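Topology and contacts: notes
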Amino acid sequence: LDLGYIAFFAVGAYAYALLNTRFGLGFWPCLPLGGLAGALCGVLLGFPILRLRGDYLAIVTLGFAEIIRILLKSDLMTTYTAGPRGIRDIAGPTLFGKAFISDVDFMYLIILAVLVVTFLANRLQNSRTGKAWFAINLDETVARATGVNAFASKLLALSLSAAIAGLAGVLFASRNQFTGPDDHALMVSINVICLVIVGGIGNIPGAM
């Protein structure tokens, strides 16, 4: 149970905002970099906490999300994040010289992203890695006894999901052409968890 996905979402959004406004990098080069930034944060967070289970893991990830939000608002990071004002004038994506301006243009881009992530999730679910995740979910102790490296498997799951959250953050920042601390509140993580629970845990069509 991870309550900190909004932190990885924020990392992706701010990575794109800074790379675009400070260094002039476009949307397409920044898209994988935002995902990579999210994955890196997932690995850094996962190493010290993934030996925790259940509610303890949820509490630590909740704390991590709040730390990121407070840092984004603090005077300490104002030079980079512009503090509570956020970062404005972020450029949107272009494709073959055509700018993505309307909601319809972005809807196509979002649908494409959802299809790609769904394809990857489905492939992972039916792979050896997915079977290891399923075994850990049922009973981690038994999974370890059968030779599954539970720590490495959980770290991979966290880093992959953090990368997807980072990619979503890049899409979010490019669509709004703005990102600020108030966009990355805890309720966004709660909404994601509600979608998964209502749709059915482990059920990809249900989550969609």
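Residues numbered from 1 in each chain as written. Predicted model: local features only at pLDDT ≥ 70, side-chain atom pairs only at ≥ 80, totals over all residues. Heavy atoms only, no water.

1. Focus: the environment of Tyr80
Filter applied, for reference: Secondary structure follows DSSP: runs of H or I at least 4 residues long count as helices, runs of E at least 2 residues long count as strands, and numbering of each begins at the N terminus. The classification of residues rests on relative accessible area computed with a 1.4 Å probe and restricted to protein chains. Under 20% of the type maximum is buried, over 50% is exposed, and intermediate values are partly exposed. The contact criterion used is simple: two residues touch if any of their non-hydrogen atoms lie within 4.5 Å.
On the secondary structure map, Tyr80 appears in helix α4 (residues 78-81). By relative accessible area, which is 47% here, Tyr80 ends up partly exposed. Not counting the four nearest positions on each side in its chain, Tyr80 is found in contact with Leu18, Arg22 and Ile87.

2. A short note on the side chain of Ser153
On the secondary structure map, Ser153 appears in helix α8 (residues 150-176). In contact with Ser153, other than residues within four places in its own chain, are Ala132, Trp133, Ile136 and Val148.

3. Observations regarding the packing of helix α1 (residues 5-23) against helix α2 (residues 27-49)
Using the following cut-off: For helices, the fitted axis covers only the stretch in contact; all axes are lines through C-alpha atoms, and the angles between them, taken along N-to-C directions, range from 0 to 180 degrees. Each angle receives one of four descriptions, namely roughly parallel if under 35 degrees, roughly antiparallel if over 145, roughly perpendicular if within 65 to 115, and oblique otherwise. Two helices that cross are described as forming a left-handed crossing if the nearer one is turned anticlockwise from the farther one by less than a right angle, and a right-handed crossing if clockwise. Three categories are distinguished: nonpolar for Ala, Val, Leu, Ile, Met, Phe, Trp, Tyr, Cys and Pro, charged for Asp, Glu, Lys and Arg, and polar for the others, with Gly belonging to the last.
For the pair α1 and α2, interaxial distance at closest approach is 8 Å and the crossing angle is 140°. Classed by the angle they form, the pair α1 and α2 counts as oblique. When you trace α1 past α2, the crossing you get is right-handed. Along its contact with α1, which presents Phe8, Val11, Gly12, Ala15, Tyr16 and Leu19, the element α2 presents Phe27, Cys30, Leu33, Gly34, Ala37, Gly38, Cys41, Gly42 and Leu45. In terms of residue class, the contact of α1 with α2 is built from eleven nonpolar, four polar and no charged.

4. A word on the state of the cysteines
Selection rule: Criterion for a disulfide: a pair of cysteine sulfur atoms at a distance within 2.5 Å.
In the structure shown here, the tally under the stated rule is zero disulfides. No disulfide involves Cys30; its sulfur sits 16 Å from that of Cys41, the nearest cysteine. Judged by relative accessible area, Cys30 falls into the buried class, the value being 1%.

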